[in-house]
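So the chains spell out like this:
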Amino acid sequence: MIFYFSATGNTRWAAKQLAEATGDSLVFIADALGGDCHYELAEGERIGFVFPVHGWRPPLIVRQFVSRLKLDGAEGHFCYALVTAGDDIGETMEILNSDLTASVGIRAESLYSLIMPESYVGLPFMDVDKPEKEQQKLSRAAEQLQVFAEEIKACQRGIVRTYKGHWPRINSRLLGAAFVGWLVSDKKFRVESDRCTKCGLCAEVCMVDNISGGKGRTPEWKHTGRCLTCFACYHHCPNHAIEFGNQTRNKGQYFWKMKNEK
């Protein structure tokens, strides 16, 4: 069973590739939170957690899911985690395992990070990758994922293929806390009315139902506290009509496109 979350599509692709290679079922975390988060495992079934890194941490929605997760018969099952990131992941895996131990009584035994095209644009110095670098990352990720999938299929324990970066604790604990406290919010999102065609796509792609809109309607953010600042709305807007304060002015857009499927 693969529990996954994805906003701009990188992680959805990775989760689908793993599911095809292993035969494991997919559970989308944003949908699962609408239920009781209670699952019964088949004999020998793998347990996978696949998600993007947000601020050198697991996304808030993943942590919320783990806090509610109940797995019948999880003891002894092979458990792994694979995260996607534009670069380093800090102590993302340590935080995940702390949450898993506290809530479910298990740990991810094999750990993987997959470098994918950058999609976070919420800070002045961060932007999407240039086309050449984007394609290099996609090609490399496809090669790496084949290796990861074989190891996961074989339930190989104790494998660590992650890039934590140079200052993992500072990034995850100090900067990560600032990221969650100051930047995970929908308050800075706005619509440039001269560019918006009221197509409704931004509301459609919001994974946490935090945008009020639809075809023929100007989108409005609901300020419910559910926003993940994942930028799916920003990246999917066909007219680049969505901005996040002044941080996204003149920046690029990225989301996984079907042409990238391997």
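### Focus: the overall build of the protein
Item 1. What the protein contains, in helices and strands, is eight helices and 12 strands.
Item 2. The C-alpha atoms of the protein give 18 Å as radius of gyration, which agrees with the globular expectation for 262 residues (18 Å, within 12%).
Item 3. The proportion of buried residues among the 262 residues of the protein is 55%.
Item 4. Excluding contacts between residues fewer than 6 apart, the proportion of contacts in the protein whose partners are at least 24 apart in sequence is 75%.
Item 5. The protein carries 32 positive and 31 negative side-chain charges, and their two centres are separated by 6 Å.

### Regarding the environment of Ala19
Item 1. Assignment of secondary structure puts Ala19 in helix H1 (residues 10–22).
Item 2. Once the C-alpha coordinates of Ala19 and Ile2 are considered, the two residues, 17 residues apart in sequence, prove to be 7.3 Å apart.
Item 3. Apart from residues no more than four positions distant in its own chain, Ala19 is found in contact with Ile2, Asp24 and Leu26.

### Here we look at the side chain of Ser6
Item 1. The residue Ser6 is located in the loop between strand S1 (2–4) and H1 in this model.
Item 2. With a relative accessible area of 2%, Ser6 lands in the buried category.
Item 3. From its side chain, Ser6 meets the backbone nitrogen of Gly9 in a polar contact 3.2 Å long.
Item 4. Within the local environment of Ser6, its side chain forms a polar contact with the backbone nitrogen of Arg12, the two atoms lying 3.1 Å apart.
Item 5. Residues contacting Ser6, with those up to four places away along its chain left out, are Thr11, Arg12, Phe28 and Met207.

### Topic: the sheet that holds strand S8 (residues 160–161)
As a general point, the strands of a sheet are linked pairwise by backbone hydrogen bonds and lie either parallel or antiparallel.
Item 1. Pairing is parallel in the open sheet, where six strands are placed in the order S2-S1-S4-S6-S7-S8. Whereas interior strands pair on both sides, the edge strands pair on one side only; in this sheet they are strand S2 (26–28) and S8.
Item 2. Direction of pairing for strand S4 (residues 47–52) relative to strand S6 (residues 79–85): parallel, over a ladder of six bridges. Looking at S6, one finds that Pro52 is bridged to Thr84.

### Let's talk about unusual backbone geometry
Peptide bonds are, in most cases, trans, and in most cases residues other than glycine have a negative phi.
Item 1. Although it is not a glycine, Trp56 sits at a positive phi angle of roughly 60°.
Item 2. Mapping Trp56 onto the fold places it in the loop between S4 and helix H3 (60–68).
Item 3. We note that His240 has phi near 50°; this positive angle belongs to a residue other than glycine.
Item 4. Mapped onto the elements of the fold, His240 is located in the loop between helix H8 (232–236) and strand S12 (242–244).

### Looking at helix H4 (residues 92–103)
For the α-helix, the turn length of 3.6 residues means that residues three or four positions removed from each other point alike.
Item 1. For H4, built from 12 residues, the straight-helix expectation of 16 Å at 1.5 Å per residue is met to within 8% by its first-to-last C-alpha distance of 17 Å.
Item 2. Taken together, the buried residues of H4 touch S4, H3, S6, strand S7 (110–115) and helix H6 (168–183).

### Regarding the nonpolar core
Item 1. By size, the foremost hydrophobic cluster in this structure holds 86 residues, and its most contacted members are Phe3, Phe5, Phe49 and Leu71.
Item 2. Examining the composition of this core, we find that seven residues originate from one element, helix H5 (residues 131–153), more than from any other.
Item 3. Not counting chain neighbours up to four residues away, the residues in contact with Phe49 comprise Phe3, Val66, Leu69, Cys79, Tyr80, Ala81, Leu82, Leu96 and Leu100.

### Quick look at the state of the cysteines
Item 1. Considering all chains together, one arrives at zero disulfides under this definition.
Item 2. As a non-bridged cysteine, Cys199 has Cys237 as the owner of its nearest cysteine sulfur, 6.1 Å distant.
Item 3. Relative accessible area serves as the criterion here: at 35%, Cys199 is assigned to the partly exposed category.

### Some thoughts on the packing of aromatic side chains
For any pair of aromatic rings, the description consists of the separation of the ring centres together with the inter-plane angle of the planes.
Item 1. All told, the structure shown has 15 aromatic pairs when counted by the stated rule.
Item 2. Through a chain of ring-to-ring contacts, three or more aromatic side chains come together here, namely Tyr120, Phe179, Phe189, Trp221, Phe231, Tyr234 and Phe244.

### Side note on the side chain of Glu118
Item 1. Within the secondary structure layout, Glu118 lies in the loop between S7 and H5.
Item 2. For the buried Glu118, no salt bridge is present, and the opposite-charge side chain at shortest range is Lys137, 5.2 Å distant.
Item 3. Only 3.0 Å separates the side chain of Glu118 from the backbone nitrogen of Tyr120, close enough to count as a polar contact.
Item 4. The contact partners of Glu118, leaving out residues within four places of it in the chain, are Gly86, Met126, Asp127, Val128, Asp129, Lys137 and Tyr254.

Rules of the game
- Residues numbered from 1 in each chain as written.
- Predicted model: local features only at pLDDT ≥ 70, side-chain atom pairs only at ≥ 80, totals over all residues.
- Heavy atoms only, no water.
- Helix = DSSP H or I, 4+ residues; strand = E, 2+ residues; numbered from the N terminus.
- Rg over C-alpha atoms; globule rule 2.2 N^0.38 Å.
- Buried < 20%, exposed > 50% of the residue type's maximum accessible area, 1.4 Å probe, protein only.
- Contact = heavy atoms within 4.5 Å.
- Lys, Arg positive; Asp, Glu negative; His and termini not counted.
- Charge placed at Lys NZ, Arg CZ, Asp CG, Glu CD.
- Polar contact = N/O pair within 3.5 Å; in protein donor to acceptor, adjacent residues only side chain to side chain.
- Pairing = 2+ DSSP bridges.
- Expected span 1.5 Å × (residues − 1).
- Core = buried A, V, L, I, M, F, W, Y, C linked by side-chain atoms within 4.5 Å.
- Disulfide = S-S within 2.5 Å.
- Phe/Tyr/Trp six-rings, centres within 6.5 Å; stacked < 30°, edge-to-face > 60°.
- Salt bridge = Lys/Arg side-chain N within 4 Å of Asp/Glu carboxyl O.

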